[in-house]
Amino acid sequence: MSLKVHDLSGGDAVLARVDGVARRALHAYGLPPTATATLINVSENATFRVDDPATGDRAVLRVHRLDYHSERAIHSELDWLTALRTDAGVRTPRVRTTLRGERVVTIADPDGPEPRRCVMFEFLPGSEPAEDGLVDHFEVLGALTARMHRHARSWNAPEGFTRFRWDYGAALGAESRWGRWEGGAGVDGEARAVLARLDGELRRRLRRYGAGPDRYGLIHADLRLANLLADGSAEPAVIDFDDCGYGWRLYDLAAALSFIEHHPRVPDMIDSWLRGYRAVLDLPAADEEEIWTFILFRRLLLVAWIGTHPGAAIAGALGAGYTLGTCELAERYLRGRLPVPR
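Analysis parameters
- Residues numbered from 1 in each chain as written.
- Predicted model: local features only at pLDDT ≥ 70, side-chain atom pairs only at ≥ 80, totals over all residues.
- Heavy atoms only, no water.
- Helix = DSSP H or I, 4+ residues; strand = E, 2+ residues; numbered from the N terminus.
- Rg over C-alpha atoms; globule rule 2.2 N^0.38 Å.
- Buried < 20%, exposed > 50% of the residue type's maximum accessible area, 1.4 Å probe, protein only.
- Contact = heavy atoms within 4.5 Å.
- Areas by Shrake-Rupley, 256 points an atom, 1.4 Å probe, with all protein chains shown as cover.
- Lys, Arg positive; Asp, Glu negative; His and termini not counted.
- Charge placed at Lys NZ, Arg CZ, Asp CG, Glu CD.
- Axes fitted to C-alpha atoms, helices over the stretch in contact; angles between N-to-C directions.
- Left-handed = near helix turned anticlockwise from the far one by under 90°.
- Nonpolar A, V, L, I, M, F, W, Y, C, P; charged D, E, K, R; others polar.
- Salt bridge = Lys/Arg side-chain N within 4 Å of Asp/Glu carboxyl O.
- Parallel < 35°, antiparallel > 145°, perpendicular 65-115°, else oblique.
- Pairing = 2+ DSSP bridges.
- Polar contact = N/O pair within 3.5 Å; in protein donor to acceptor, adjacent residues only side chain to side chain.
- Expected span 1.5 Å × (residues − 1).

1. What about the overall build of the protein chain?
Item 1. Regarding its fold elements, the protein chain presents ten helices and ten strands.
Item 2. For 342 residues, the compact-globule formula gives about 20 Å, and the C-alpha radius of gyration of the protein chain, at 20 Å, lands near that figure.
Item 3. C-alpha atoms of the protein chain, sized along the principal axes, occupy 60 × 45 × 40 Å.
Item 4. Taking all 342 residues of the protein chain together, the buried fraction comes to 55%.
Item 5. Restricting to contacts in the protein chain with at least 6 residues of sequence separation, those with at least 24 account for 74%.
Item 6. Carbon and sulfur atoms form 50% of the exposed surface of the protein chain, whose accessible area is close to 14600 Å².
Item 7. In the protein chain, which carries 43 positive and 48 negative side-chain charges, the distance between the mean positions of the two groups comes to 3 Å.

Next up, the structure:
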């Protein structure tokens, strides 16, 4: 099976070109030749820390992967994260503009197949919430997620607003945006059979659950701890809206549990998230019955993501072990043996 491996996983030569794009982008923002761009993360995009030694100023530069978002879609992302900050008081990074007033700048990649789009954000203080306070963090996260959902439900998006969807077809079906789970690390033999059963059950349950406006709408779609910055304030800042789009609202809970779905305290985290969420918005008890459906939906999607993103550090670290853990969770889910919220 051919894999649609994303271009930033193409090896050192690609990353060297992306580094060049980042350095050239600094000129568009009027930064001096002494300013530096240091790669800090490769995931869906390449993220750089920008430092200006002359002023001590710091920012974050995102160099986009190819063939993921149109320029209009990137502008739409920036529209929502800005509206969340100004309308709902959610702490999100401000977008910096170039000398020409551009929020999204296209920078040449002379040795690459095409130019790359870049966005610069303000640098926000803080770090990923510590694991030793996970349960408490999830109550704060639940309330924060509900505020974002409440805003999205009443927000009049600007004309031309466009973001992609995270429904079954886009995630696991015909489109399979991150690739097919069948191409994930260690997916063969018995694992393939278990995950095929899981796929079929997820498709059935999601179809039954439906995508009405009370359950489906604009979401962050990647609200995991790595995309939160805690700095001692009442609630963390939210970053990385690159995957925001239209999906099931419970998917935001599932995304919060990305890569830790097997943690022994996940049931407590779910209960904590629900308490926080319900302090802001109603969540019908009937929806709770499908929480593990969304957790397994996200987990199967991440099996596919690991297979097509070998350049991402976390993908290389998890590998086939994540697939094995997914099979174990899938068996428990299919047998109705996963704990329901209290």
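Moving on, there is more to tell.
2. As for the packing of helix H9 (residues 291–308) against helix H10 (residues 313–334)
Geometrically, a packed helix pair is captured by the angle between its two axes and the distance between the axes.
Item 1. Relative to each other, H9 and H10 sit at 145 degrees, their axes nearing to 9 Å. Viewed along their axes, H9 and H10 form a crossing whose handedness is left-handed. Contacts from Trp292, Thr293, Leu296, Arg299, Leu302, Val303, Trp305 and Ile306 of H9 reach H10 at Ile314, Ala315, Leu318, Gly319, Tyr322, Thr323, Gly325, Thr326, Leu329, Ala330 and Tyr333.
Item 2. Among the residues making up the contact of H9 with H10, the classes are represented as 13 nonpolar, five polar and one charged.

3. Topic: the pattern of salt bridges
Item 1. The final tally for this structure, using the stated rule, is 30 salt bridges.
Item 2. Between Arg203 and Asp199 there is a salt bridge, with the nearest N and O atoms lying 3.4 Å from each other. Pair noted here: Arg203 and Asp199 are both in helix H5 (residues 189–209), with a separation of four residues, about one helical turn.
Item 3. Take Arg203: its relative accessible area is 35%, and that puts it in the partly exposed class.
Item 4. Here Asp222 makes a salt bridge to Arg298, at a shortest N to O gap of 2.8 Å. Linking Asp222 in the loop between strand E7 (216–219) and strand E8 (228–229) with Arg298 in helix H9, this pair joins segments that are 76 residues apart in sequence. For the pair formed by Asp222 and Arg298, the shared burial category is buried.

4. Comments concerning the packing of H5 against H10
Item 1. Relative to each other, H5 and H10 sit at 50 degrees, their axes nearing to 9 Å. Taken together, H5 and H10 sit at an angle that is classed as oblique. For H5 against H10, the interelement crossing comes out left-handed. Every residue of H10 that contacts H5 at Ala191, Val194, Leu195, Arg197, Leu198, Glu201, Leu202 and Arg205 is listed here: Thr323, Thr326, Cys327, Ala330, Glu331, Tyr333 and Leu334.
Item 2. The residue makeup of the contact of H5 with H10, split by class, is nine nonpolar, two polar and four charged.

5. Structural notes on the pairing of strand E3 (residues 57–63)
Item 1. Within E3, five of the seven residues are buried, leaving the element largely enclosed by the surrounding structure.
Item 2. Pairing geometry for strand E2 (residues 46–52) and E3, over seven bridges, is antiparallel. When the sheet's bridge partners are listed, Phe48 is paired in E3 with Leu61.
Item 3. Counting the residues in the hairpin turn of E2 and E3 gives four residues, including Gly56, whose phi is positive at 80 degrees.

6. Quick notes on the side chain of Arg65
Item 1. With respect to the helices, strands and loops of the structure, Arg65 is situated in the loop between E3 and helix H2 (71–88).
Item 2. On the accessibility criterion, Arg65 (14% relative accessible area) is buried.
Item 3. Within polar-contact distance, the side chain of Arg65 engages the side chain of Glu44 at 2.6 Å.
Item 4. Beyond its immediate stretch of four places on either side in the chain, Arg65 contacts His6, Asp7, Leu8, Glu44, Asn45, Arg116 and His309.

7. A closer look at helix H1 (residues 12–28)
Item 1. Look at H1: 25 Å from first C-alpha to last across 17 residues, which is about the 24 Å you get at 1.5 Å a residue.
Item 2. Among all positions in H1, only Val14, Val18, Gly20, Val21, Ala22, Ala25 and Leu26 are buried.
Item 3. The inward-facing, buried residues of H1 abut strand E1 (36–42), E2, E3, strand E5 (105–107) and strand E6 (116–122).

Read these as layout, nothing more, since geometry by itself doesn't imply function.
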